[in-house]
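Listed here are the chains, written in short residue letters.
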Amino acid sequence: MRLYVAGQTPKSLRALANLKRICEEYLAGKYHIEIIDLLENPQLASSDQILAIPTLIRNLPEPMRKIIGDLSNIERVLVGLDLRPRT
């Protein structure tokens, strides 16, 4: 998974903390998080077509999923990561 952020903003830090908590609880040991700071590498935004930050990209398993925001809506994140079925 890739988490696109813009520096150490409160929203970016919240997204990372929420993602780590979700991964530890639901994917214990079966995940890898790559953090991409667009303030340091803005050119990387175009490869995954990032329009807003923070944005989480899950490439595998396919299909690719994008979740935008601070990931505080855990149910939405779980559905987006295919860890819970859509209701």
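One structure accompanies this document, and this report is about it. (Residues numbered from 1 in each chain as written. Predicted model: local features only at pLDDT ≥ 70, side-chain atom pairs only at ≥ 80, totals over all residues. Heavy atoms only, no water.)

As for the pattern of salt bridges
And then number 1: Across all of its chains, the model carries five salt bridges by this definition.
And then number 2: In this structure, R14 engages D70 in a salt bridge whose closest nitrogen and oxygen atoms are separated by 2.9 Å. Residue R14 is found in helix 1 (residues 10-26), and its partner D70 is found in the loop between strand 4 (65-68) and helix 2 (74-80); the two are separated by 56 residues along the sequence.
And then number 3: Judged by relative accessible area, D70 falls into the buried class, the value being 15%.
And then number 4: Bridged by salt links that share partners, the residues R2, E34 and D48 form one connected network. (Salt bridge = Lys/Arg side-chain N within 4 Å of Asp/Glu carboxyl O. Helix = DSSP H or I, 4+ residues; strand = E, 2+ residues; numbered from the N terminus. Buried < 20%, exposed > 50% of the residue type's maximum accessible area, 1.4 Å probe, protein only.)

A short note on the side chain of D70
And then number 1: Polar side-chain contacts of D70 include one of 2.9 Å to the side chain of R14.
And then number 2: The residues touching D70, leaving out its near neighbours within four places in the chain, are K11, R14, A15, N18 and P54. (Polar contact = N/O pair within 3.5 Å; in protein donor to acceptor, adjacent residues only side chain to side chain. Contact = heavy atoms within 4.5 Å.)

Concerning unusual backbone geometry
And then number 1: Here the bond from L60 into P61 is cis, since omega is -5 degrees, no more than 30 degrees from zero.
And then number 2: Residue placement: P61 occurs in the loop between strand 3 (55-58) and strand 4.
And then number 3: The linkage connecting E62 with the following residue, P63, adopts the cis geometry, with an omega of 5 degrees.
And then number 4: In this structure, Q49 takes a positive phi of about 50 degrees despite not being glycine.
And then number 5: Summarising the element assignment, Q49 is placed in the loop between strand 2 (34-37) and strand 3.
And then number 6: For Q49, a relative accessible area of 58% corresponds to the exposed category.
And then number 7: Despite not being glycine, L71 has its phi angle at roughly 65 degrees, a positive value.
And then number 8: Inspection of the secondary structure assignment puts L71 in the loop between strand 4 and helix 2.
And then number 9: The exposure class assigned to L71 is buried, which follows from its relative accessible area of 3%.

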